[in-house]
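Summary of the model geometry
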Amino acid sequence: MSPILECRNLSKKYGYKEALSGIDLSVERGRIVGLLGPNGSGKSTLIKLSNGLLTPTNGELIINNMPVGPETKKIVSYLPERTYLNNWMKVCDIIDFFADFYENFDKNKAYEMLKRLNINAKDRLKTMSKGTKEKVQLILVMSRQADLYLLDEPIGGVDPAARDYILNTIISNYNPDGTIIISTHLISDIEQILDDIIFIQNGTIVKTASVDDIRSQEGKSVDALFREVFRC
Amino acid sequence: MAWELKSDRPIYTQLQDYIKLGIISGRYLPGDKLPSVRDLAEEAAVNPNTMQKALAELERLGMVYTQRTSGRFITEDIKMIEDLKESIAKEHITEFFETMKKIGFSIQETIQMIEKEAKELTI
């Protein structure tokens, strides 16, 4: 099968600053991939290019054999770093909104997950803590039957117990043929759910490997390898 | 049984070890049906692909077998389970003797100590 995401000589410049410099990358289907790199390495830029929020300066980005556009947005589910949902809305209204917007949105699944996480669908977002808001947003994203999930820092704002719960939500609710790309620097927390990793630094791909290979060849965790590769 | 995973070894090999331990300790009995890959993955908080890999490897070793459509089962080969139990016990003993050697006890001394300690122990 063809890769779900492919970058060919992909570059992005913000003015004179180069955020991505000619990267070549291919991500397979049915994998959970960690996009790992220090702050300002280009993680969010790559994710935003993949969902069409940014356009490349140079090169190509292909998703499911198509250039990024309305057709690929149908099959890409994106969790942004910051929330874009309206604070005054109730969770159940947002769910209706999403169901209207995305034909692959599964309302039942969303309500099921809310129930499991003890979130009341009648609550308004503004009454919720930062962590609960993050959970709601993740539920919305994972309730779509997408081919590619792009999660930008999904566990940044929640406590370690909730983190475990969120990771659990991710692995138990994603569609097994789908691919999940998770960008984060909380590596040790997500390491055990990853298949593959992409190390990115200064806008270039430093390493791609499977987690098992890293552990058996290097005899250390991805977290330890990350600290070594990106030592300041 | 909590799935505690160490960071310096591939996860799938550790999952294999846990399931093997489950088999020899009687948590999974010969002929028992194993939970689904998804449920096991959730229990261990790992990626289902990784769990799948661990189970495929156990299947290759003959510790579990797949029955078409109805799932995965624990081997009914009691001899194999006994052999596995013995080989894991041997590993632990070797490791123990190595540790004792590092802190300065010969095999003979170690055995003497074990006998002495065993008399005082009440498990």
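Structure: above.
Brief notes about the environment of Ile-200 of chain A
Residue and element names in this part refer to chain A. In this fold, Ile-200 is placed in strand β9 (residues 196-201). For the pair formed by Ile-200 and Ser-183, sequence separation is 17 residues and the distance between their alpha carbons is 10 Å. The residues contacting Ile-200, other than those within four sequence positions of it, are Leu-20, Leu-35, Leu-36, Gly-37, Pro-38, Ser-41, Gly-42, Lys-43, Ile-205, Val-206 and Phe-230.

Some thoughts on the environment of Pro-160 of chain A
Residues and elements named next belong to chain A. Along the chain, Pro-160 falls in helix α6 (residues 160-173). When its relative accessible area of 55% is taken as the criterion, Pro-160 is described as exposed. Through-space distance from the C-alpha of Pro-160 to that of Gly-219 is 26 Å; in sequence the pair is 59 residues apart.

Considering the pairing of strand β6 (residues 76-79) of chain A
All names here are of chain A. What you see with β6 is no split at all: Val-76 and Tyr-78 on one side and Ser-77 and Leu-79 on the other are buried throughout. As paired elements, β6 and strand β7 (residues 148-152) share four bridges and run parallel to each other. Paired with Leu-79 across the strands is Leu-151, a residue of β7.

Brief notes about the interface of chain B and chain A
At the junction of the two partners, chain B supplies 20 residues and chain A supplies 21 residues. Both sides together, the interface formed by chain B and chain A hides about 1500 Å², and carbon and sulfur atoms give 42% of it. Sorting the residues of chain B by area buried against chain A places Arg-38, Glu-42 and Asn-47 of chain B first, and these three jointly supply 33% of that buried surface. Taken together, the connections running from chain B to chain A amount to two salt bridges. In this structure, the salt-bridge partner of Arg-116 of chain A is Glu-42 of chain B, at a minimum N-O distance of 3.8 Å.

Some thoughts on the pairing of strand β8 (residues 179-184) of chain A
Residues and elements named next belong to chain A. Within β8, six of the six residues are buried, which leaves it mostly tucked inside the rest of the structure. Covered by surrounding structure in β8 are Thr-179, Ile-181 and Ser-183 together with Ile-180, Ile-182 and Thr-184, the residues of both alternating faces. Sheet topology note: the strand β3 (residues 32-36)/β8 ladder contains five bridges and is parallel. Following the sheet pairing, Val-33 is matched in β8 by Ile-181. Bridging between β7 and β8 involves five bridges; their strand directions are parallel. Bridging from a neighbouring strand, Tyr-149 pairs with Ile-180 of β8.

So, how was this worked out
Residue positions are given per chain, counting from 1 as you read along its sequence in written order. All chains are assigned letters beginning at A, and all ligands numbers beginning at 1, according to the order in which they are written. In view of the model being predicted, local features appear only for residues whose pLDDT reaches at least 70, and side-chain atom pairs are presented and counted only at 80 or more, with totals across whole chains, interfaces and linings using the full set of residues. Side-chain descriptors were evaluated using all non-hydrogen atoms of the structure, hydrogens and water having been removed beforehand. Strands are runs of DSSP state E lasting at least two residues, helices are runs of H or I lasting at least four, and both sets are numbered from the N terminus onward. Any two residues whose heavy atoms approach within 4.5 Å are treated as being in contact. Buried means the residue's accessible area, taken with a 1.4 Å probe over protein chains only, is under 20% of the maximum for its type, while exposed means over 50%, and partly exposed covers the values in between. Whether two strands pair comes down to DSSP finding at least two bridges between them. Summed over both partners, the accessible surface that disappears when two parts come together, traced with a 1.4 Å probe, is what is meant by buried area. Only one rule defines a salt bridge in this text: a Lys or Arg side-chain nitrogen within 4 Å of an Asp or Glu carboxyl oxygen.

That's the geometry; what it means functionally is another story.
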